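Structure assessment
As a plain string of letters, each chain reads:
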Amino acid sequence: MAVARVDPQRLNGTLESLGNIGSTPEGMQRIAFSPADVDGRQFVIDLMQQAGLAVRVDTAGNVIARRAGRDGERPAIAMGSHVDTVPSGGRYDGAVGVLGAIEVVRSLNDLDVVTRHPVEVLVFTNEEGTRYHRWLFGSRAMAGLLEPADLEAVDSEGVSMAERLKAIGGDMVRVSEAGRQKGELCAYLELHIEQGPVLHRSGIPVGVVTGITGRIVFDVRVIGAANHAGTTPMDARKDALLAASRLIQAVNDIATSEGMCRVGTVGMMTVAPNAVNVVPGEVGLGAEFRDIDVKRLEDAERRLNEVSQQIAAATGAEILVKREELGQSATTSGSLQDMVVAAAQRLGLDSRPIPSGAGHDAQAMAAITDIAMVFVPSVDGLSHSPREYTTPEACADGANVLLNTLLMIDESLD
Ligand code: HGY
Ligand code: MN
Ligand code: MN
């Protein structure tokens, strides 16, 4: 079969347009359920309809766009990702996968190719989990992996996810209807930027993802005693921020000097009453550990609880560590990995196996179908930052690999 190719200008034109939705001088603010997220979703839905896809939104707010195959009885080959971003995020995280998948469909139209299997483009709701610390919400709903905490989630403004879901056409009361059965899909392919430095440093244009990391997330409350900064003797304080600073160091130590997991981060902090002349009374922390081995994450959790009690005893603060989520790791299909390598070779592109340190919707979809991920380089390894950048050539390379992998799957599966 001749090598199929996408239209690089058309693809990068859509990336530019979507990148302008929710863009600010501080970066992308297309937070899940925000007006910018609603506009971004509408932009991709319009593209899908222009490409002749039949579009529907499920009760989890996921966008499901379908292209008929020659044999409608066959399970569909799905591609997709997300369009929501982290606060002050980048233009490529998620967007490359969604727009790359739409470009694949537009190229199939140009080539007059009708695949044997139906093809679907999926846009998942709230992949980042920014507001509710419940990441991969839409893909976990589709894979039947939601938990009670998802249904009850309320954000810092007191607004429930159930309420916000309505803004994008979802319905939490009926969210279980978004679940799909094994067998409905025969493969899920996700094109994504690497979000790390490996491909950029090695000069290799295509990453064939071997596995996707597990992740455990905590909400930590450090409760001390607010008091006058000028009159309270140093030995009479319960300084919540001092105790929290020791906990932040401990999270780092667990992942570095103690080597209990691959990475550990405290990325969120609130301080009350947050006044320069008041001994901090209460601190809230958002913390996470990641590792491909979930047992190591549970060991790191035990260590975090142990160290928290030691810090509490030493500072007089009370420390409450609450596990918010444990995300399972996932491995990609070996046969699909081989097809990604073959597709890259067909295009004259070098590739290398690579584990994913970032989480992705694919790891949820692994519960109901075989998955594969294609990575393209992040310049300087930057992501979740306004400086996130992937070249137009790399985006086109990724979409071409996606297109040729899809065609190989379509031809090979019986
Ligand atoms: O946080 C992550 O790993 C992904 O970007 N949601
Ligand atoms: Mn992300
Ligand atoms: Mn992403």
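Residues numbered from 1 in each chain as written. Chains lettered and ligands numbered in written order. Predicted model: local features only at pLDDT ≥ 70, side-chain atom pairs only at ≥ 80, totals over all residues. Heavy atoms only, no water.

**Digging into the domain arrangement of the chain**
- If you check the domain split of the chain, you get domain 1 (8–213 + 329–412) and domain 2 (215–327).
- Spacing between the C-alpha centres of domain 1 and domain 2 amounts to 34 Å.
- Carbon and sulfur atoms make up 43% of the area that domain 1 and domain 2 hide from each other, which totals about 1,100 Å².
- Broken down residue by residue, the surface that domain 1 buries against domain 2 is led by H133, W135 and T213, which jointly contribute 56%.
- Counting every contact that joins domain 1 to domain 2 gives 1 salt bridge.
- Taking the shortest distance from any N to any O, the salt bridge between E325 and R140 comes out at 3.4 Å.
- The residue inventory of the side of domain 1 that touches domain 2, partitioned by class, reads 4 nonpolar, 6 polar and 2 charged. (Domains from an automatic or database assignment. Buried area = accessible area lost by both parts, 1.4 Å probe. Salt bridge = Lys/Arg side-chain N within 4 Å of Asp/Glu carboxyl O. Nonpolar A, V, L, I, M, F, W, Y, C, P; charged D, E, K, R; others polar.)

**Topic: the site of ligand 1**
- In the region of ligand 1, the neighbouring residues are D93, E127, E128, W135, Q195, R290, A358, G359 and H384.
- Within the side chain of E127, one N or O atom sits 3.0 Å away from a nitrogen atom of ligand 1.
- In this structure, an oxygen atom belonging to ligand 1 sits 2.8 Å away from a main-chain N or O atom of G359.
- Its free accessible area being 210 Å², ligand 1 has 93% of it covered by the protein chains. (Near = heavy atom within 4 Å. Polar contact = N/O pair within 3.5 Å; in protein donor to acceptor, adjacent residues only side chain to side chain. Areas by Shrake-Rupley, 256 points an atom, 1.4 Å probe, with all protein chains shown as cover.)

**Examining the coordination of the manganese ion (ligand 2)**
- Donor atoms from the polypeptide that bind the manganese ion (ligand 2) are D93 (OD), E128 (OE) and H384 (NE2), placed at 2.0 to 2.2 Å.
- The distance between the manganese ion (ligand 2) and the manganese ion (ligand 3) is 3.6 Å, with D93 acting as a donor to both metals. A residue pair is termed long-range when its members are at least 10 positions apart, and D93 in the loop between strand 5 (76–82) and helix 3 (95–110) and H384 in the loop between strand 17 (371–376) and helix 12 (392–412) qualify at 291 residues.
- By relative accessible area, which is 40% here, H384 ends up partly exposed. (Donors = N, O, S within 2.8 Å, 3.2 Å for Na, K, Ca; no water. Helix = DSSP H or I, 4+ residues; strand = E, 2+ residues; numbered from the N terminus. Buried < 20%, exposed > 50% of the residue type's maximum accessible area, 1.4 Å probe, protein only.)

**Some words on the nonpolar core**
- Among the nonpolar cores identified, the biggest contains 58 residues, and V44, M79, L99, V121, L189 and V401 are the most heavily contacted of them.
- No other element matches helix 12, which puts 10 residues into this core.
- Discounting chain neighbours no more than four positions away, the residues touching L189 are I77, A78, M79, G80, L336, A372, L402, T405, L406 and I409.
- Listed in part, the 27 residues of the second largest apolar core include A255, A287, A312 and L326. (Core = buried A, V, L, I, M, F, W, Y, C linked by side-chain atoms within 4.5 Å. Contact = heavy atoms within 4.5 Å.)

**Regarding the sheet that holds strand 13 (residues 282–291)**
- Judged by pairing direction, the sheet is antiparallel, and its 4 strands sit side by side in the order 11-13-9-14 without closing on themselves. Strand pairing shows two members of the sheet lacking a second neighbour, strand 11 (263–272) and strand 14 (318–327), which therefore form its edges. For this sheet the average axis-to-axis angle between neighbouring strands, irrespective of direction, equals 15°.
- As paired elements, strand 9 (residues 214–223) and strand 13 share 10 bridges and run antiparallel to each other. What sits directly across from R221, in strand 13, is G284.
- Against the sheet, helix 9 (residues 294–315) touches strand 9, strand 13 and strand 14, its axis set at about 170° to strand 14. (Pairing = 2+ DSSP bridges. Axes fitted to C-alpha atoms, helices over the stretch in contact; angles between N-to-C directions.)

**Points about unusual backbone geometry**
- At the junction of A272 and P273, the peptide bond is cis and its omega measures out at 5° in the coordinates.
- Turning to its location among the elements, P273 is positioned in the loop between strand 11 and strand 12 (278–279).
- Look at L136: it is not a glycine, yet its phi comes out positive at around 55°.
- Take L136: it is sitting in the loop between strand 6 (119–124) and helix 4 (137–142).
- Under the relative-accessibility criterion, L136 is labelled buried at 3%.
- With a phi close to 60°, D380 is a non-glycine residue in the positive phi region.
- In this fold, D380 is placed in the loop between strand 17 and helix 12.

**Quick look at the coordination of the manganese ion (ligand 3)**
- Looking at the metal site, the manganese ion (ligand 3) is ligated by H82 (NE2), D93 (OD) and H192 (NE2), spaced 2.1 to 2.3 Å from it.
- Every donor residue of the manganese ion (ligand 3) comes from the same chain, spaced as H-x10-D-x98-H.

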